[in-house]
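One-letter residues, chain by chain:
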Amino acid sequence: MAKENKNVYTGTGRRKTSIARVTLTPGTGKITVNGQDVHDYLPYEVLVMDLTQPLDVTNTREMFDVDAKVKGGGFSGQTGAIRLGIARALLMYDAGIPKDSENSYRRILKANGFVTRDARKKERKKPGLKKARRAPQFSKR
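If you're wondering where the values come from, they're calculated on a predicted model, not measured in any experiment.

Rules behind the numbers
- Residues numbered from 1 in each chain as written.
- Predicted model: local features only at pLDDT ≥ 70, side-chain atom pairs only at ≥ 80, totals over all residues.
- Heavy atoms only, no water.
- Helix = DSSP H or I, 4+ residues; strand = E, 2+ residues; numbered from the N terminus.
- Rg over C-alpha atoms; globule rule 2.2 N^0.38 Å.
- Buried < 20%, exposed > 50% of the residue type's maximum accessible area, 1.4 Å probe, protein only.
- Contact = heavy atoms within 4.5 Å.
- Phe/Tyr/Trp six-rings, centres within 6.5 Å; stacked < 30°, edge-to-face > 60°.
- Salt bridge = Lys/Arg side-chain N within 4 Å of Asp/Glu carboxyl O.
- Core = buried A, V, L, I, M, F, W, Y, C linked by side-chain atoms within 4.5 Å.
- Pairing = 2+ DSSP bridges.

1. Let's talk about the overall build of the chain
Within the chain, the secondary structure is distributed over five helices and five strands. Secondary structure elements of the chain, listed N to C terminal, follow the sequence β-β-β-β-α-α-α-β-α-α. Taken over the C-alpha trace, the chain has a radius of gyration of 19 Å; the compact-globule value for 141 residues is 14 Å, which it surpasses by more than 25%. With the C-alpha coordinates aligned to their principal axes, the bounding extent of the chain is approximately 70 × 35 × 35 Å. Relative to its 141 residues, the chain shows a buried fraction of 33%. Of the contacts formed within the chain by residues at least 6 apart in sequence, a portion of 68% connects residues at least 24 apart.

2. A short note on the packing of aromatic side chains
If you walk through the whole model with that rule in mind, you get five aromatic pairs. Ring geometry for Tyr9 against Tyr93: centres 5.2 Å apart, planes inclined by 80 degrees, an arrangement best described as edge-to-face. Highlighted residues: Tyr9 in strand S1 (residues 9-15) and Tyr93 in helix H4 (residues 75-93), separated in sequence by 84 residues. When the ring of Phe64 is compared with that of Tyr93, the centres are 4.9 Å apart and the planes differ by 85 degrees; the resulting orientation is edge-to-face. Taken together, the residues Phe64 in strand S5 (residues 64-71) and Tyr93 in helix H4 connect sequence positions 29 residues apart. When its relative accessible area of 32% is taken as the criterion, Tyr93 is described as partly exposed. Put simply, the rings of Tyr9, Phe64, Tyr93 and Tyr105 pair up and form one aromatic cluster.

3. Focus: the pattern of salt bridges
Inspection of every chain in the model, using the stated rule, returns seven salt bridges. Between Arg83 and Asp50 there is a salt bridge, with its nearest N and O atoms 2.7 Å apart. Placement of Arg83 in helix H4 and of Asp50 in helix H2 (residues 45-51) is noted, with a sequence separation of 33 residues between them. For Arg83, a relative accessible area of 22% gives the class partly exposed. Note that Lys126 is salt-bridged to Glu123, the shortest N-O span being 2.7 Å.

4. Some thoughts on the nonpolar core
Counting 28 residues, the largest nonpolar core has Ile82, Ile86, Leu90 and Leu109 as the members making the most contacts within it. In terms of residue count, the dominant contributor to this core is H4 (seven residues).

5. Structural notes on the pairing of S1
Successive residues of a regular strand alternate their side chains across the two faces of the sheet. Side chains Tyr9, Gly11, Gly13 and Arg15 of S1 all project onto a buried face; the interleaved residues Thr10, Thr12 and Arg14 project onto a face where none is buried. Across seven bridges, the pairing between S1 and strand S2 (residues 18-26) is antiparallel. Pairing of Tyr9 across the sheet is with Leu24, part of S2.

6. Some details on the environment of Leu47
Residue position: Leu47 is located in helix H2. Leu47 sits in the buried class, given a relative accessible area of 14%. Placed 32 residues apart in sequence, Leu47 and Thr79 show a C-alpha to C-alpha distance of 6.4 Å. In this view, Leu47 contacts Leu42, Phe75, Ser76 and Thr79; residues no more than four positions away in its chain are not counted.

As structure tokens, then:
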């Protein structure tokens, strides 16, 4: 069995149909997604900003290297999954500090809404309809 590194923090994030396994290691702030640099993997800068929000609000952007393995869904769902994974890994890093402390990561992340999983998913298509709720066009005559 491999020796477990004490300075590695992991978190799993889910969003829509995407699942991300995120690993935080002490480093310089390098972010890789599926082996590629985050700017090469994600097509829009807004998604990169969204992904790094938990690191920004806790001022740990330059403290950790982020390695994410993500599958399923599209870019938006994958970004949300990685963001939740980063938040959970930060909570694992901050586990020693009491939760009611003024500057605990849990309090900061929860206030910004990064601890809660976004449970919204695509609704299933119903019989007789074109999409989940879209009915066929009605013609009076």
